[in-house]
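Architecture at a glance
The lines below spell out each chain.
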Amino acid sequence: MTKLEELTALLVNEMDDFKKGIEKLEKINEQLKDTKIKMDVSEYKTIIEAHQKQIYIHKNLIEGFENRFNAKINQAKIYPTWAVVVFIISLILLVIIVVYNFLK
């Protein structure tokens, strides 16, 4: 019987320890519910502001380049008008000559 009494006492002690552990966890849980965490984002704000300034500068540079590029494209003529007209006329004459020779 002493073995049974020892096991019972051990079991009761373990249950008491478990109950105490649960009570401690409940207290900690209540403290965590009441605790509010604040983040210090001031350092990140300055980094983000600096990054936004850089993005704004790069955006302006890209827009300026795009405007200059578009102006150059609008001013540039790949082929002069007279060359295009001569080319079209020569194609028409070539087609007429080929059709004329084919029908002969």
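Everything here concerns the structure above.
Here's a quick rundown of the structure. Here the structure is a predicted model, which means the values were calculated and not measured.

A count of helices and strands for the chain gives three helices and zero strands. Along the chain direction, N to C, the helices and strands of the chain fall in the order α-α-α. Computed over its C-alpha atoms, the radius of gyration of the chain comes to 44 Å, more than 25% above the 13 Å expected for a compact globule of 104 residues. Projecting the C-alpha coordinates of the chain onto the three principal axes gives extents of approximately 130 × 50 × 15 Å. Per-residue burial over the chain gives 0% buried out of 104 residues.

The next thing to look at is the packing of aromatic side chains. All told, the structure shown has one aromatic pair when counted by the stated rule. Ring centres 6.1 Å apart and planes at 20° place the aromatic pair Phe65 and Phe69 in the stacked group. Placement of both Phe65 and Phe69 in helix α2 (residues 42-75) is noted, with a separation of four residues, approximately one turn of the helix. Of the residues examined, Phe65 reaches a relative accessible area of 52% and is grouped as exposed.

A word on the environment of Val84. Counting through the fold element by element, Val84 comes out in helix α3 (residues 81-103). The class for Val84 is partly exposed, based on a relative accessible area of 37%. Put simply, Val84 and Phe69 are 15 residues apart on the chain and 24 Å apart in space, counted from C-alpha to C-alpha.

Before going further, it helps to examine a negative patch on the surface. Together, Glu23, Glu26, Glu30 and Asp34 make up a negatively charged patch on the protein surface. Turning to its location among the elements, Asp34 is positioned in helix α1 (residues 2-34). For Asp34, a relative accessible area of 61% corresponds to the exposed category.

With that settled, the discussion passes to the environment of Leu91. Mapping Leu91 onto the fold places it in helix α3. Separated by 28 residues in the primary sequence, Leu91 and Glu63 have C-alpha atoms spaced 42 Å apart.

The rules behind the values
Residues numbered from 1 in each chain as written. Predicted model: local features only at pLDDT ≥ 70, side-chain atom pairs only at ≥ 80, totals over all residues. Heavy atoms only, no water. Helix = DSSP H or I, 4+ residues; strand = E, 2+ residues; numbered from the N terminus. Rg over C-alpha atoms; globule rule 2.2 N^0.38 Å. Buried < 20%, exposed > 50% of the residue type's maximum accessible area, 1.4 Å probe, protein only. Phe/Tyr/Trp six-rings, centres within 6.5 Å; stacked < 30°, edge-to-face > 60°. Patch = residues over 30% accessible without salt bridge, like charges linked within 9 Å, V, L, I, M, F, W, Y side chains within 5 Å. Areas by Shrake-Rupley, 256 points an atom, 1.4 Å probe, with all protein chains shown as cover. Salt bridge = Lys/Arg side-chain N within 4 Å of Asp/Glu carboxyl O. Lys, Arg positive; Asp, Glu negative; His and termini not counted. Charge placed at Lys NZ, Arg CZ, Asp CG, Glu CD.

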